[in-house]
Each structure stands twice: as C-alpha cells, then as structure tokens.
Amino acid sequence: MDLRAVLRSGQPLIFDGAMGTVLMQLGLGDILADRLNIEQPEIIRKIHRDYALSGADIVETNTFNSSLIKLKELGLADKLEEFNRAAVANARASGAPFVAGSLGPTGKLLEPLGPVTFEEAYTSYRAQAAALEKTGVDLFIVETISDIQEMRAALLAVKDVSGKPLICSLTYNEVGRTLTGTDIFTAGVTLRELGADVLSINCSIGPEGVVGLYKRYYRDLGELGLPLMVMPNAGMPELVDDKLIYTMTPENFAGLMAELARYGVQIYGGCCGTTPAHISTLARVIKKLSIKYHNSTAKKEVYFTSRNRVVRLSGCRPFLKIGESLNPTARKKFAEELKAGRENFLRAQAKEQSAADLLDINVGVPELDQPRLMKKCVQTLTMVTDKPLCLDSDDPEVLETDLRNYPGIALVNSVNGKQESLAKIVPLAKRYGAALIALTLDGKGIPARAAERVALARKIMAFCRQAGFPEQKIFFDGLVMTLAAEPNAALETLKTATEIAKLGWHTSLGVSNVSFGLPQRKNINNVFLKLLAEMGLSAAILNAASYRQIDKYTNAEKLAEEVLLARDAGAKKYIAAIAAQGDFSAPRQDRSSSIYETVIEGNEAVILDLVQSALEKNKPQEILNKELLPALEKVGEYYAAGQYYLPQMITSANTMKKAFALLKPLMAGYGAAKTGTAVICTVEGDIHDIGKNIVAMILENYGFEVVDLGKDVSADKIVAAAVEHKANVVLLSALLTTTMLKMKEVQAKLLEKNIDIPVMVGGAVVTPEFARNFGAHYTADAAGAAQLAKQLLDRI
C-alpha cells in the first residue's frame, strides 16, 4: 500500500493508542519503556499486535525516549541504535500495514528560552531518525512537542535523513497554544512551509478539547492543504483507590472523535489513557465516516510567521510593510550599540516600527562577528516582538545561522542576479521555507534602464524555477537611486515595477534611498509609495513610524510628486517650500525606562545600570518592593491574561534575576529576610524539567531560597532535603501519568516524618482534582506557582 497515495486520497487512517498506559496496567509503569524493546520484547510485541488487531493501520515504535539527548542523560547513549532497531522489529511484528518511527521531546527548551542549542537538538533528532530509517520504518512521527523551535529542529533532522512522510504532532493547552505560545495555525503554517506531511495534535487535552480547537481553526488549517491528525488523551486522569485511572469509555472516546470528521481530520489515534479497546471502537466508528478532506483547498498564499503570529501577504494593504530601522548602515547609534553589546536601540526600534508587518534586521558592521551578532539580535527580537522578521544579509553563513535559529518563516533580503548569489542563497531559502527578495542587479551593478532590470528579474526567476523554488515567494526589487543625484531615478524604478507586475510576479522596494539628501523625506517616500502601490507594489521596506497611506495630497506632497516625476529640476520648488515652512523640529530625546518598565520589557542589557542609579537614592529593599516585585506581578498578570507567553515571562524573570543578584548582598545589611525556603524537583521516573526550571527561577525572584533537586528524584531524597534545609514548601512536577503517583508518595512520606508543610504539584497531566485527593495544592503555571507559594507561607 502506498502511504502517500492514501494520505492524498482522504481515506481515514487509524493510529494506535498509548504504550505507557498498557504497561502501567501490566505493572511495568516504573520501568523505562524503551528498555523493554530489548529486555522484554515479547511484551512490547504483544501490545503492538493487540493494537493492530484492534484496527490500527499504523503502529508506532516504542522509542519515545530513545533520542540521543535523553539516552545520554540516562547513561545509555551507546544503546541508541540498539533500542531503535529493536523497537522497529517489535512494531513490524504486529502485522500492521505501516510502522511509524516515534521521536519524542528532548524535555528541554531550546535557546534563547532554555539551555539546549538548535544544533544540539538537531543532532539528537538526526541520530535517532537515522537509526529508525536504517531499520526501515514507513513514516516518522515527532510527537508531544511543546515548542515550535524544537519541532523545527526535529523536522529538519528527519528530512535530512529520509524522504518518507513526516507527521508533526504538537501538544496544546485548552486555548490552542503550545507551552511557548504558538497557536495551531501559526505552527501549521511554519511546519507546512518547512515540508511537514501531516499536522497533528496529541496529549495534554481530551477529545472534547481537541474538537473545540479544530472547530475554531479548521477553516484556517484547511487552506494549508495538509492531512490533519489527532491523538488526544482519554480525558484527564483521576485518582481512584490509589490508582490513576482514565475513566473515559471507548464508546465516549470514539463518539467525540467522530465529530472531527466534519473538520477534515483524516488520521485518528490515542494518547495517554487509551487502550486497544479504545482503538477498536474508534476504528469501527471512523471507518464508516466520510472525511471532508482539505488537500484540494490548498491556497497559493505567501505566509510569514514568528513564534506566535502569522502574516498573510493577501491581508497586507496596500502592501506588505517591512520596518527598516534596524540597520547600522544608516543608524549610527545602532552600530555603536552592536559594538558595545547593548540592545536598547534594537528594542526601542522594534516598538517604534509597530505599524510594520515585518521587521528587517541587518547587522552589517564589517569588523564585528556578524553570524554571532545576527543570531543574538534575532533571538532578542523573537522575545520582544511577535512580528515576523526579514533577515537582511547577502552572506550565506549569516543567513544559514539565522534561518536555523529563527522560530518561524522569514523573508530573506536578499539574492541578486550574480550566479554565486543564486547558487548559495536560493537553496538556503528553499530549505528553511523562507521567501526571497531578489535584487535586479548583477556583477555589473544596477542597470540604468528598466528593461535591463526586468531582464535580470527573468534570469533570476528562471534559476528559481529550475531549483524548485516557489515563484509566488519571490519579491523582485527594482532598486531606486537617489533623486538628489539622479533626477530620473524614480521614473525608471516605476517602470521596472510596472513591467514586473505585468508578468504576474511580486515586487518590493527599499524606498528610503530615493529621498536621501532631501528635506522632510517622509513626503518624498510616502508619495513614491503611493505611486508604486498604483503600479501593483507587493512589499516595501520603509520607516513604518513615518508612513502615511495617502488619500489626498498635502501641499508638500504635491510638490514631492513633481520631484519624483522629474518635473522639478534639482527639487528647487520642493526645497524652497519646505524651507518657507520653517519646519525643522528638534529630534526626539531618548527617555530612560524605569526599573519597573525594564523588568516588564525584559531588557537585561540596562537593568543593572538602572538599579545602580536607583541605589544612590533608595534602599535595596525599597527597590525590590516598589519596583521589581510589582513588575514581576504585572508580568504574571499579563501571562494569566494571555497577553504574555512563556518567552516574555522568561526574559522578564531573567531581567529580575540580574537585578535581584545585585541587591541581595546589599539587603543583608538592612536586615531583609528571605521569603522562605522551597524544595523543588521533578518526581522519580520523570526526566522532563522545563516547567520545574521556570518555576524555580520565578520563586528565586520572589525572594525564596530555592533548593532545586533536579529531575527523577526519589521521595526519600525529597523528604531528606526538606528536613535538611528546613523547607517551608515542597514543589513537585510531573509530565507523565506514569509518574504522577510519586507525588502522593512524597506527601505520605512527609507526613510519616511529621513534616507538615504545603506540597504544591503541577505538570501537563496533573489536575486540581488529583491534587485535592491527597491534600496537595495545584498550580497551573509558573507565575501562579510563585503567587500561591507566597500565599501558603503567609498562612503559616
């Protein structure tokens, strides 16, 4: 059976269900499931076989934890090939038509949110994907991923070792966002442009939640033209007779899943809590249904994405606006700050260009390490703005670094008609799903006449077509010279843009050069943009802060048009009119932000200077209580309201951490007391610690002394640490249903030792009901955890 043909047909497919749930039922929940591939293969084979006999078309390998990063942590890196090879053999023995190679999360956040570099994640996924490919899987599934950047690393790694279909399955919360703030449609766009074959949701929420999300997003997802898949949990776990039980019946599970057929979902399976009984009922129900398939509705839209935003070219009127100010060539202050390693200008301009659709970033200062600097600036921008980026460099090394580290789909500025440029830049843009600005110049420079520029556009298009680059993602820049030096410059550019638009191709222009050396440049620029828009301009690099979409000319703009159309020799009339107005306003002065604002913005680069200055007039405790803590509380409010996502919360917390580190030794002299002592860890058997690490950082910022025991920590060790450090509160994290009961064990052992302190629990599978069942306190997120910990200590 040809899997790709099945995917194109819209025929419903059934995936298998949970492996861990069945292992728990067999009393094997405390063992690393992946080890069983070689230690007790008959058990794994029977589970696979049961799913195949239940109607599963696809069974996935028992390799959720068999990546290089995870196996290294377990001291089993040398077992990678053996584990993956055995897992494929076990799955193949099921007799199911297809075997999917499963790749799970690293359990860590990638830079700049966490410690793992993109290259480390890519290397880990590539090693596992290569082992699975070598053994002969039919397709791949990267599943339970909570960060779009980690999924990008995994996708590229899989595609680099195999041409087989790839399912990209992310995990979302009830409002449809990943842990790091990416919504379903933004993730779908990013992954489709990178080459994903199937888009999927798994884990975290039950069928009711998945139905709600697809109901909300299915029209948007439909325009992507990719098969959709779901693998939800069987509801949420409940504690019954000291056992974690998923109470959703197979009939209820299948009934809810059937509703998804109307939203175009083609592939159905189960995650935590599902068993062969769930899959058997699901298969009987789904295979009777007619799927409203989406492939035929795919649109030739041009998309740009950031971590949590999509920009459609068709939605940008009158054209795509690309903010231009982050370029050191024309911004001396930006160049100075790049050399000094500061980011004030970068952050300020990102705000000032708020009317732009995209932000152009260039760090072309010759004497600096441009790949390193560009990566740093790109990572900062992804944390302070949700606007997609235009990566401005013609250096392939700089572009490759940034395209790998940018968590979305970018616009590359630029390629040109030189053969070397085409050969290096076009493949890069294609690999990373980026769009391209193509400059109509070559080794001879910028042609003087429009006809020659159009000829270069044809040459570039021919190369891109041959390379398989989508022509709708190419924006031809007809280039413009300075009017002050070349009076006919605008006319030639207008002709170029008109002729390229007639070919049905997109056009773009870096506008500001046209007005260089002239007063009140915004008049020239805005009128030029109006004329270009009338010629069908698709995109413009401009100063979005001064752009005005003209409906009716001012007197100055009428004169500006005369200059642009070469009717005012030397711009004499225009210059005289501006001089007569006496409009020479003073430049705006920069204003230093307060400590409070700086923490909210997450600007680590300036916080220490501001705190040092404040210490000249204020006591350390006053700065903490009046500026830092209120700022952190405001960040928590923004996070709870959905105005901030995890990246913004982390940058604010890191900024606060720097300030607190400066104040902490000084406060001792004023008799400042710590808030309390908190012991925190991920419970035994669980090696996922993203959420735990964030909570620990936030607690420290609230003045807690944090004893972080790490991950996979036994109950006895936790109790011993609570005694040794005289803890006021214990915080426990778990991602897996197989480890949740360890939380209850910790609480029981604390009480055995007569240690009556609050225990807080959290994690993707943890529920308020589960916590209440054994007297623990539930927390949903990091910001809420810090507030709750404070409240609990206030009651003691």
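Everything numeric in this text was worked out from a predicted model, so none of it was measured.

(A) Region of interest: the pattern of salt bridges. All told, the structure shown has 46 salt bridges when counted by the stated rule. Salt-bridge contacts for Asp147 lead to Arg307; the nearest nitrogen and oxygen are separated by 2.8 Å. Of this pair, Asp147 sits in the loop between strand S4 (139-145) and helix H8 (148-161) while Arg307 sits in the loop between strand S11 (303-305) and strand S12 (310-312); the two residues are 160 residues apart in sequence, bridging distant segments of the chain. Taken individually, Asp147 and Arg307 each receive the classification buried, so the pair is uniform in this respect. Residues joined by salt bridges that share partners form a network here, namely Glu684, Asp716, Lys742, Glu745 and Lys749.

(B) Representation of the packing of aromatic side chains. For the coordinates displayed, the defined rule picks out seven aromatic pairs. An angle of 25 degrees between the planes, with centres 5.5 Å apart, marks the rings of Phe334 and Phe345 as stacked. Pair noted here: Phe334 is in helix H13 (residues 332-340) and Phe345 is in helix H14 (residues 344-352), with a separation of eleven residues, a long-range link. One exposure class covers both Phe334 and Phe345, and it is buried.

(C) Broad picture of the pairing of strand S6 (residues 198-202). Most of S6 is tucked away, with five of its five residues classed as buried. Side chains Val198, Ser200 and Asn202 project from S6 onto one buried face, and the interleaved Leu199 and Ile201 project onto a second face that is buried too. Pairing between strand S5 (residues 166-170) and S6: four bridges, direction parallel. Looking at the pairing, Ile167 lines up with Val198 of S6. With helix H9 (residues 184-194) bridging S5 and its parallel neighbour S6, the resulting β-α-β unit is right-handed. By the bridge criterion, four bridges tie S6 to strand S7 (residues 228-231) in an arrangement that is parallel. Considered in S7, the bridge of Ser200 is made with Met229. Once you follow S6 into helix H10 (residues 207-222) and on to S7, the crossover reads as right-handed.

(D) Region of interest: the sheet that holds strand S24 (residues 759-762). The five strands lie next to each other as S22-S21-S23-S24-S25, forming an open sheet whose pairing is parallel. Looking at the sheet topology across the chains shown, the edges are occupied by strand S22 (704-708) and strand S25 (777-778). Sheet topology places strand S21 (residues 676-682) next to strand S23 (residues 729-733); five bridges connect them, and they run parallel. Within S23, the position partnered with Val679 by the bridge is Val730. Of the strands in this sheet, S21, S22 and S23 touch helix H27 (residues 690-701), which is tilted by about 155 degrees from S22.

(E) Representation of the nonpolar core in the model. Counting 163 residues, the largest nonpolar core has Tyr214, Leu260, Tyr268, Ile361 and Phe528 as the members making the most contacts within it. Looking at this core element by element, the count peaks at eight residues for H8. Dropping the residues within four chain positions of it, Tyr268 is found in contact with Leu13, Ile14, Phe15, Val230, Met257, Leu260, Ala261, Leu282, Ile286 and Ile291. Judged by nonpolar contacts, the second largest core, of 52 residues, contains Ile600, Leu624, Ile690 and Ile694.

(F) Examining the environment of Met257 more closely. Mapped onto the elements, Met257 comes out in helix H11 (residues 250-258). Met257 sits in the buried class, given a relative accessible area of 0%. Separated by 13 residues in the primary sequence, Met257 and Gly270 have C-alpha atoms spaced 10.0 Å apart. Leaving out residues up to four positions away in the same chain, Met257 has contacts with Val230, Pro232, Tyr268, Gly269, Leu282 and Ile286.

(G) Main features of the packing of helix H28 (residues 715-724) against helix H29 (residues 741-752). Contact geometry of H28 with H29 gives a least axis separation of 9 Å together with a crossing angle of 45 degrees. By the angle between their directions, the pair H28 and H29 is classed as oblique. Remark: the crossing between H28 and H29 carries right-handed chirality. Contacts between H28 and H29 involve Ala715, Asp716, Ile718, Val719 and Ala722 from the former and Glu745, Val746, Lys749 and Leu750 from the latter. Its residues assigned to classes, the contact of H28 with H29 shows six nonpolar, no polar and three charged.

(H) Seen up close, the pairing of strand S17 (residues 435-439). A large share of S17 lies buried, amounting to five of its five residues. Here S17 shows two buried faces, one formed by Ala435, Ile437 and Leu439 and the other by Leu436 and Ala438. Strand direction decides the pairing type here: strand S16 (residues 411-416) and S17, joined by five bridges, are parallel. Residue pairing across strands places Val415 opposite Ala438, the latter belonging to S17. The β-α-β motif built from S16, the intervening helix H17 (residues 419-431) and the parallel element S17 has right-handed crossover chirality. Pairing of S17 with strand S18 (residues 474-477), which is carried by four bridges, proceeds in the parallel orientation. Bridge pairing links Ala438 to Phe476 in S18. In this view, the connection linking S17 to its parallel neighbour S18 by way of helix H18 (residues 450-466) has right-handed handedness.

Rules used throughout
Residues numbered from 1 in each chain as written. Predicted model: local features only at pLDDT ≥ 70, side-chain atom pairs only at ≥ 80, totals over all residues. Heavy atoms only, no water. Salt bridge = Lys/Arg side-chain N within 4 Å of Asp/Glu carboxyl O. Helix = DSSP H or I, 4+ residues; strand = E, 2+ residues; numbered from the N terminus. Buried < 20%, exposed > 50% of the residue type's maximum accessible area, 1.4 Å probe, protein only. Phe/Tyr/Trp six-rings, centres within 6.5 Å; stacked < 30°, edge-to-face > 60°. Pairing = 2+ DSSP bridges. Right-handed = clockwise from strand over helix to strand, strands pointing away. Contact = heavy atoms within 4.5 Å. Axes fitted to C-alpha atoms, helices over the stretch in contact; angles between N-to-C directions. Core = buried A, V, L, I, M, F, W, Y, C linked by side-chain atoms within 4.5 Å. Parallel < 35°, antiparallel > 145°, perpendicular 65-115°, else oblique. Left-handed = near helix turned anticlockwise from the far one by under 90°. Nonpolar A, V, L, I, M, F, W, Y, C, P; charged D, E, K, R; others polar.

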